[in-house]
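Breakdown of the fold
So you can see what is in the structure, the chains are spelled out below.
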Amino acid sequence: MSARRIAAEQPDSFAFTKSSEAKVKFWLAKYPEDRKASAVIPLLWIAQKQENWVSEPAMREIAERCGMPYIRVYEVATFYTMFNLEQTGKHLIQVCGTTPCWLRGADELKAVCEKKIGKKGREHVSSDGALAWEEVECLGACANAPMVQISNTEGDLYYEDLTPEALEQMLDDLRAGKDVKAGPISGRSCSEPTEATVKTLVDESLYDGSRAKKIKLPNTPKSNDNDPRTPEPSKPQEKSAEMKAKPKAKVKSPAPKGVAADSGAGKKPELLDAPKGQADDLKKLSGLGPKLEASLNDAGVYHFSQIASWSAEEVAWVDAALKLRGRIERDNWIDQAKDLAGKAEG
Ligand code: FES
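Residues numbered from 1 in each chain as written. Predicted model: local features only at pLDDT ≥ 70, side-chain atom pairs only at ≥ 80, totals over all residues. Heavy atoms only, no water.

Notes on the overall build of the protein chain
Heads up, the rule is: Starting at the N terminus, helices and strands are each numbered in turn, a helix being any DSSP run of H or I of at least four residues and a strand any DSSP run of E of at least two. Three exposure classes are used, based on accessible area relative to the maximum for each residue type with a 1.4 Å probe and protein chains only: buried under 20%, partly exposed in between, and exposed over 50%. Contact criterion: two residues are considered in contact whenever any of their non-hydrogen atoms come within 4.5 Å of each other. Where accessible areas are quoted, they stem from the Shrake-Rupley method and a 1.4 Å probe; at the residue level, only the protein chains shown are allowed to cover.
In terms of regular secondary structure, the protein chain is built from 14 helices and five strands. Looking at the 346 residues of the protein chain, the share that counts as buried comes to 37%. Partitioning the contacts of the protein chain with sequence separation of at least 6, the portion at a separation of at least 24 is 64%. Of the roughly 23,100 Å² that the protein chain leaves accessible, carbon and sulfur atoms contribute 52%.

Here you go:
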C-alpha cells in the first residue's frame, strides 16, 4: 500500500452541518464518556459524506469530539483507504484493478477515466470538478467484473459488468447531471449466470417435473417372497476345519466389577454380599462420586460404618483393589465415614 498523506491545500476550518450534527450526536451517545474515541470511524465517515473528503480541520474537530489526540485521528484516516484525503470531484469513480477485474478489462476502464477525467495522480479530478477517479483494490464484486464504485454525498453504488463504452456513457451522463442506474449493466440480476454463459443444467426437463413422472413406484408386496431385490436369507457359515479342531478356551469367571480378586496388599476387610437394610449414600463422602460408589458396592461395601472401621491394612487392601491411588487417605474417608456413621445412628 502506498503512503497516504493529507492534501497540501487545506481549508481554514470545518464544521458539521445541522444534519451531520444529529448523526454525530447519535454515534457519540453509543459510547461511555471515557470511550468516545470508539466513534472515530463513524465521525470520519460523516465528515466525508458531508464534504466528499476528510480535511485536516475536520480531523481536528473529530479529535475534539472524541476526546482523543489529533494524531490518533490522523492515523486512522490515513490508514483506511476509504477515507479521501484530498478534494475529489462531485462523483468519485473508484475503478477496481484487482486480478478478476483486471483480467476482464479493468485496464480499458482506466483508459476511459484517463481520457474523460485526467491522468492518474494529480490530474485525477476533472477540471470542472464534476468527476474524479482512482484505482482501488477488490471491492468484493468479482463475479461481476469489471466494475467500479461511484461515490458522492448521496451514497456509494456499484456499477458492474462494465464495458469501456458503457463507462464512457455513464461518465457523460453523470457530468450532465443525469441519473445513472446502478448494478450490472448486462441486465442480469445481481450475479446470476447470464444466458450466454450458462453451459450446464440447461435442459428444461430438469425443472418441469416431467422426469419425476416417469418413475414408476412398485406396489408394496404383502410378503417380499416375489421381490427380486430381497436378499437370500443367509445360511449359517460352515466352520472351517481349523476352527472345528480348536478346543474352546476356558473363560475364567471375572472378579466383581472394579475389584481385583485379591489386591495383594494389606488385609482384606469384611465385605458384605448385600446391604444390611438400606445402603448408605456413600457419595456423601467428599471425593467419592457415583462411579466409585458403584465399585465399592460391587466389592461389598455399602455402609459408612464399614469404612469407619477399616484399619490401615484394610485401607491398603481396598486402595489397591479398587485402584484408588491413595484417595482414601487423601480425602480422609475414615474420619468422614465415622462422622456420617454417627449421624446415621443418632
Ligand atoms: S476483483 Fe474487482 S471486485 Fe473483486
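Details of helix α3 (residues 56-66)
Count 3.6 residues to each turn of an α-helix, and residues three or four apart come out pointing the same way. Taken as a whole, α3 has its buried residues at Glu-56, Pro-57, Ala-58, Met-59, Ile-62, Ala-63 and Cys-66. Check the buried side of α3 and you find it contacts α2 (40-51) and α4 (70-79).

Examining the sheet that holds strand β1 (residues 91-96)
Condition: A strand pair is defined by DSSP finding two or more bridges across the two strands. In this description, a line fitted to the C-alpha atoms serves as the axis of each element, helices being fitted only across the stretch in contact, and the angle between N-to-C directions of two axes falls anywhere from 0 to 180 degrees.
Taken in spatial order, the five strands of this open sheet run β2-β1-β3-β4-β5, and their pairing is mixed. Of all strands in the sheet, those bounded by a partner on one side alone are β2 (131-136) and β5 (183-184). Across five bridges, the pairing between strand β3 (residues 148-152) and strand β4 (residues 155-160) is antiparallel. Across the sheet, Asn-152 pairs through a bridge with Gly-155, a residue of β4. Contacting β1, β2 and β3, helix α6 (residues 106-116) runs over the sheet at an angle of about 155 degrees to β1.

Overview of the packing of α3 against α4
The test is simple: Here is the rule for angles: anything less than 35 degrees is roughly parallel, anything more than 145 is roughly antiparallel, 65 through 115 is roughly perpendicular, and the remaining ranges are oblique. Note: crossing handedness is left-handed where the near helix turns anticlockwise from the far helix by less than a right angle, and right-handed where it turns clockwise. Basically, the charged four are Asp, Glu, Lys and Arg, the nonpolar ten are Ala, Val, Leu, Ile, Met, Phe, Trp, Tyr, Cys and Pro, and anything else, Gly included, counts as polar.
Here α3 crosses α4 at 125 degrees, and the two axes come no closer than 8 Å. Taken together, the axes of α3 and α4 lie oblique to each other. Between α3 and α4 lies a crossing of right-handed hand. Residue-level inspection shows Glu-56, Met-59, Arg-60, Ile-62 and Ala-63 of α3 in contact with α4, the latter providing Tyr-70, Val-73, Tyr-74 and Ala-77. Along the lines of polarity and charge, the residues of the contact of α3 with α4 split into seven nonpolar, no polar and two charged.

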